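# Summary of structural features
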Amino acid sequence: MGRGGQKPAPPGSPITSRRWSKGEDLRPHTPQEYDDDLNNLWVVHGRRYDLAPFRDVHPGGATALDLCRGSDATRLFEQFHVMNDKHRKALKKFEVREYKRSESPPGVEDTPPKDSERSAFHEALKDMLRRHFPDKYDGHKCTYQHAACLGATFAAYMVGWIGWWRGEVYTGVFLLGLCAWLIMANLAHDGSHHAVSRRPWINEISLLTSSPLLYSYGSWYQQHCASHHLETNDPDLDVDVQHHPFARWERSMWKDHNLTGWINLLWHFTAFLVSTANMSLTHPWKFVFVPWVRRHLGLELPPFFGMDNVEWAAKQKKANKHAPHELAFFRVSGRMHRTGFFDGWRGLLSVLGFIMSVAFVTVPFFRFDTLGRKLLFALGPYVVTSAFFFTVTQISHVQAECQRPDPTKDFFQHQARTSLDYGCTSEFWRFATGGLNVQSIHHVMPVVNSCHYARLYPEFYALCEKYDCAPATEPHILSAGYRHLKHVYDLGELYRGPDYSD
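For the protein, per-residue confidence averages 84 on the pLDDT scale, and residues scoring 70 or more make up 86% of the total. Mean pLDDT values for the elements of the protein range from 81 in helix 3 (residues 86-91) up to 97 in helix 5 (residues 144-166). When the criterion is pLDDT under 50, residues 100-112 qualifies, and its contacts beyond four places in sequence or with other chains add up to 29 contacts. Contacts from residues 498-502, a stretch scored under 50 in pLDDT, to residues over four places away or in other chains number eight contacts.

What follows is about the environment of Arg-97. Positionally, Arg-97 belongs in the loop between helix 3 and helix 4 (120-132). Measuring from C-alpha to C-alpha, the distance between Arg-97 and Tyr-49 comes to 8.6 Å, with 48 residues separating the pair along the chain.

Next up on the list: helix 17 (residues 453-466). The first and last C-alpha atoms of helix 17 sit 19 Å apart over 14 residues, in line with the 20 Å expected at 1.5 Å per residue. A maximum bend of about 30° is found in helix 17 at Glu-459. Buried within helix 17 are the following residues: Tyr-453, Ala-454, Leu-456, Tyr-457, Phe-460, Leu-463 and Cys-464. Against the buried residues of helix 17 lie helix 4, helix 14 (411-417), strand 3 (420-422), helix 15 (427-433), helix 16 (439-444) and strand 4 (472-474).

Phe-121, Leu-129, Trp-181, Met-445 and Phe-460 are the most contacted members of the largest nonpolar core, which totals 94 residues. The element best represented in this core is helix 6 (residues 169-192), accounting for 11 residues. Those residues in contact with Phe-121 that sit more than four places away from it in its chain are Phe-412, Gln-413, Ala-416, Val-444, Phe-460, Leu-463, Cys-464, Tyr-467 and Cys-469.

A word on the packing of aromatic side chains. Any pair of aromatic rings gets described here by the distance separating the centres and the angle formed by the planes. One pass over the full model with this rule turns up 32 aromatic pairs. Note on Trp-220 and Phe-389: the rings are 6.3 Å apart at their centroids and 70° apart in plane angle, and the pair reads as edge-to-face. Taken together, the residues Trp-220 in helix 8 (residues 217-228) and Phe-389 in helix 13 (residues 371-397) connect sequence positions 169 residues apart. Owing to a relative accessible area of 2%, Trp-220 belongs among the buried residues under this scheme. Given the relative accessible area of 8%, Phe-389 is considered buried. Geometrically, the ring pair formed by Phe-304 and Trp-312 is tilted, given 5.8 Å between the ring centres and 55° between the ring planes. Grouped by ring-pair contacts, the aromatic residues Phe-154, Tyr-157, Trp-161, Trp-164, Phe-360 and Tyr-382 constitute a single cluster. A cation sits over an aromatic face here: Arg-346 above Trp-345, 5.2 Å from the ring centre. The cationic tip of Arg-373 hangs over the ring face of Phe-368; the distance from NZ or CZ to the ring centre is 5.4 Å.

We now examine the packing of helix 8 against helix 9 (residues 261-296). Contact pair helix 8 / helix 9: the axes reach a minimum separation of 8 Å and the direction vectors enclose 80°. Taken together, the axes of helix 8 and helix 9 lie roughly perpendicular to each other. Contact with helix 8, carried on its side by Gly-218, Ser-219, Trp-220, Gln-222 and Gln-223, involves Met-279, His-283, Pro-284, Phe-287 and Val-288 of helix 9 and no other residues of that element. Of the residues belonging to the contact of helix 8 with helix 9, the class tally is five nonpolar, five polar and no charged.

How each quantity is defined
Residues numbered from 1 in each chain as written. Predicted model: local features only at pLDDT ≥ 70, side-chain atom pairs only at ≥ 80, totals over all residues. Heavy atoms only, no water. pLDDT = per-residue confidence, 0-100. Helix = DSSP H or I, 4+ residues; strand = E, 2+ residues; numbered from the N terminus. Contact = heavy atoms within 4.5 Å. Expected span 1.5 Å × (residues − 1). Bend = angle between axes of the 7 residues up to and from the residue. Buried < 20%, exposed > 50% of the residue type's maximum accessible area, 1.4 Å probe, protein only. Core = buried A, V, L, I, M, F, W, Y, C linked by side-chain atoms within 4.5 Å. Phe/Tyr/Trp six-rings, centres within 6.5 Å; stacked < 30°, edge-to-face > 60°. Lys NZ or Arg CZ within 6 Å of the ring centre and 35° of its normal. Axes fitted to C-alpha atoms, helices over the stretch in contact; angles between N-to-C directions. Parallel < 35°, antiparallel > 145°, perpendicular 65-115°, else oblique. Nonpolar A, V, L, I, M, F, W, Y, C, P; charged D, E, K, R; others polar.

What follows is the structure in structure tokens.
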């Protein structure tokens, strides 16, 4: 048993698998010894599956499976499969019914949940999508018109890179940062949700376009896909509300210092300036490379990478000892490292993205003469991308209406309620934000490309109203921004800190 309640993955658990030939029976033929921490298994609707033999032939790619290996994959499983129900039949082949160290769940013949357990809201949304996209293969992915807009953005992006190399402020700082944001929002982000194409390699390449100015390939999968999209606005589980050690972004969060409304806004503003530099440089170091090296040197991960790190951190604070603040991030990172997510080519891609970011902040110190210009071209584009990223992402979720207790246990209704939408049917705001102006629809159906959101939104919102989960809305980003800043002010002004002496 490792520190923090961890167990090292058993031999063979890193994501390796043999080739498959069509017609071959992929079901496990002999009982295997599975760890209680499920490092080798996937759990869907309470049943355990060994999908390792299926990785290489999974239509959505191996990454989609490996994101939730060793955990409950139910929510990602349902989010990703919206155009048909073939996945349920395929899943049945891989159910594990024999255990040596765990009780086997009752054997059942069918894998889907009972009708009474299904989300009626989600079923209605799937019917809506199937009507809008009769071509069930890739009609819900990136369109040619959207690809043409991205092509024009890439052309401007190249102009920005030339300006950056030449030391031209308007093109090398502002244009470069703006185009990097638009490419990330409309391409890299959709790629991380497998929404650009049905071809997995296109989605992987799309995600790489986030480097060097937005975020790292490897840490983004941890932070965004495996945490934020499953635990939105949960103060204990959502990485995105834990990034800042001093700002308070959710009403139940505890901080170890006094806060007022203006102080909370001040800390909030610091994240506005440095969020993308943090995601490009700090996160890959903390959550990808250091644990990857330790694991391959045979060293145990620190206890804060364990699944019980919240209890560990509470004990540390009661003993007046330090504990890191991004516990949700460390917990997700620990699981993904233990299951071998970063073994092989994904580890190499993560290294590549990090090297690109390090090179970006290093080159200006050799290329320009004055310290001011060195800093401007090393950090200026990060400030631009951070301003766009932090404004668009935080406005949607850090709102009073989005952080209320959920009256239901329906995951998809909860996702719709955790967002505030604005400019909902505007194609301008859809492209300017990469569809993140309507995060309610994005969180419910992330596998649908953002270029379709404005057209889908009226019917989507009508369904939300029907099922009593309509998101809050504002007509434009300014009114949404005002509500956001007022909520951040209130979170600081009404705060009372914890007492660890009890």
